[in-house]
Amino acid sequence: MRLYLINPRNPIVSIGNIRNNRWNHYRIWKPLGLLAIASATPPEWDVKIIDENISDPDYDSMPRPDLVGVTAFTAQACRAYEIAAIFRSRSVPVIMGGIHATMCQQEALGSVDSVVTGEAELIWPKVLADFQNAYLKQVYAGEHVDMKHIPMTKHDLLPYGYFFGSIQTTRGCPLNCSFCSVAAFNGSRYRARPIEDVVQEFKTIREKYVLIVDDNLIGANEKHIIRAKELFRAMIAAGVNKKWIAQATINIADDEELLTLAYKAGCRGVFVGFESPTTEGLAEIGKKFNLAKNRNMKESVRKIKQHGMLVVGSFIIGLDIDRPGIGKSIAQAAISYGIDLLNTMILTPLPGTNLWKKMESESRIAANSFPDDWKYYTLTFPVAHYKQLCRDGVIKEIEHCDKIFYSVRKIVSRLCGNFLQKRSPLVAMMANLSYKRNIRLAQKTYRHFCLSPQNTRLQYQNSNSGNL
Ligand code: SF4
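Observations regarding helix α15 (residues 391-405)
With 15 residues, α15 ought to run about 21 Å at 1.5 Å a step, and its terminal C-alpha atoms sit 22 Å apart, in line with that. Every buried residue belonging to α15 is among Arg-391, Gly-393, Val-394, Ile-395, Lys-396, Glu-397, Ile-398, Cys-401, Asp-402 and Phe-405, and all of these are buried.

Thoughts on the site of the ligand
Every residue lining the ligand is accounted for by Cys-173, Leu-175, Asn-176, Cys-177, Cys-180, Val-182, Ala-183, Asp-215, Asn-216, Thr-249 and Gly-273. Counted by class, the shell around the ligand contains six nonpolar, four polar and one charged residues.

Examining helix α5 (residues 124-132)
Because each turn of an α-helix spans 3.6 residues, side chains separated by three or four positions end up pointing in the same direction. Turning to α5, its buried residues are Trp-124, Val-127 and Leu-128. All buried residues of α5 fall inside an arc of 95 degrees around its axis, so they share one side. Exposed and oriented more than 90 degrees from the buried face of α5 are Lys-126 and Ala-129. Positive phi shows up at Ala-134, right after α5, with a value of about 55 degrees.

Section: the nonpolar core
The tendency in soluble globular proteins is for nonpolar side chains to be buried as a group. If you look at the biggest cluster of nonpolar residues, it comprises 135 residues, and the most contacted ones within it are Val-70, Ala-84, Met-96, Ile-252, Val-270, Val-311 and Ala-334. The residues that make up this core include at least three from each of domain 1 (2-141) and domain 2 (163-453). Setting aside residues up to four positions removed in sequence, Met-96 forms contacts with Val-70, Ala-72, Ala-80, Ala-84, Ala-101, Ala-108, Val-112 and Val-115.

Points about the packing of helix α8 (residues 222-238) against helix α9 (residues 256-264)
The contact between α8 and α9 brings their axes to 8 Å, and the two run at 30 degrees. In this view, α8 runs roughly parallel relative to α9, as classed from their interaxial angle. Here α8 and α9 pass one another in a crossing that is left-handed. Along the contact surface, α8 presents Ile-225, Ala-228, Lys-229, Phe-232, Arg-233 and Ile-236, while α9 presents Glu-257, Leu-258, Leu-261, Ala-262 and Lys-264. Of the residues in the contact of α8 with α9, the class split is seven nonpolar, no polar and four charged.

Considering the sheet that holds strand β13 (residues 310-317)
Across the sheet, six strands lie side by side as β7-β10-β11-β12-β13-β14; this open sheet has parallel pairing. Strand pairing shows two members of the sheet lacking a second neighbour, β7 (164-167) and β14 (341-346), which therefore form its edges. Averaged over all pairs of adjacent strands, the angle between strand axes in this sheet comes to 20 degrees, irrespective of strand direction. In this fold α15 packs onto β13 and β14, with an angle of close to 180 degrees to the strand it touches most, β14. The strands touched by helix α17 (residues 425-451) are β12 (267-275), β13 and β14; relative to β14, the strand with the most contacts, the crossing angle is about 30 degrees.

Reading the values: rules and limits
- Residues numbered from 1 in each chain as written.
- Predicted model: local features only at pLDDT ≥ 70, side-chain atom pairs only at ≥ 80, totals over all residues.
- Helix = DSSP H or I, 4+ residues; strand = E, 2+ residues; numbered from the N terminus.
- Expected span 1.5 Å × (residues − 1).
- Buried ≥ 20, exposed ≤ 12 C-beta atoms within 10 Å, placed from the backbone.
- Near = placed C-beta within 6 Å.
- Nonpolar A, V, L, I, M, F, W, Y, C, P; charged D, E, K, R; others polar.
- Arc of directions from axis to C-beta.
- Core = buried A, V, L, I, M, F, W, Y, C linked by C-beta atoms within 7 Å.
- Domains from an automatic or database assignment.
- Contact = placed C-beta atoms within 7 Å.
- Axes fitted to C-alpha atoms, helices over the stretch in contact; angles between N-to-C directions.
- Parallel < 35°, antiparallel > 145°, perpendicular 65-115°, else oblique.
- Left-handed = near helix turned anticlockwise from the far one by under 90°.
- Pairing = 2+ DSSP bridges.

Have a look at this one:
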């Protein structure tokens, strides 16, 4: 039995575009979700993982599979449905999983034969058995799995071609920021894999660099931090010998021992959600750790950097509190904090989030011709009605922000710091070049987005908005 597992492309996601930006090659990682599903597939199946982000498959010339599994974040949903149509026209059943199918089950069922919601790896063998018995159900509900039972991912199922390998050590987050779908998908209980499983799996990864895909590696309380330290100690003792990056909340900076162990275990960069330069903005989205009293972002970033790690910071434009000038404020905050790389996003109401519920109830979802408009839910397009910024105003703000932070002068100055402090200067250089090139690609995409007739409906007037 032949099974294709497909990761759909989204041509307007800049980071997935390695054809027009070769520097993005240094920022892509193996699609862990499909690797996990492939690893949970019984051995009688011949499994092929197809990642459309790094290849352009000609499905006509490929052997006909017996079954297709497709995954999708919301921005990939349109392409996932196109892929489903291609295979269903050849009478090949298609099963869809991932966060979008979980949050928009009925929509997905309009395009595929079966949907697996939630965490899929434990229910997957049952889905395949039902298929083989010609009894495929329309919906399978994956539950929040006991992390002890997560099968080891077989990382060699995907060929070389990725700069980062990937691994997961925890799931869930109790913090529930309004724009984030982690709690809706993985739950608000922080669940950790057994440390010995993580260490063993780490050793099987071929790539020198690894992305730990956990939404918050260090968790939200003292118990979680103790577990993170145990993990790092075990990785050091086992000689894992990989360089890795991970997402963490800013409180990682509050514990010297945690930072020291993280570096010794191979951590060379942390991705931190700063989200807003104002306390009002942080309160609006419920980013609790960033709101902690006496939090000095500049000092926190300095401590992380002092331990040899790069700091990648993300901010959001389009909060209700954001007025014209927010782009400049974010760039200035990011520069004053001393972060190495800036990832600015546009507030996006993703299905399943509290933000979606709020904006939907206020009729503020602007790009709402679904499923077509899902392709704009990349976190880089103004898909909603923003309180104090019009559509073009939001785009101007993000462009202005990136222009300031990624000016040649600023890049050179940051890279000199990276070289002098010996903090992964080559990685920092490649990432800066990747961001800079993506900004140019994004400008073209924005022009196209604004000019396309269907999107003129997204423009709306607001007397306060639009000027920098
Ligand atoms: S801390 Fe991060 S993972 Fe947790 S809810 Fe907030 S954004 Fe999501």
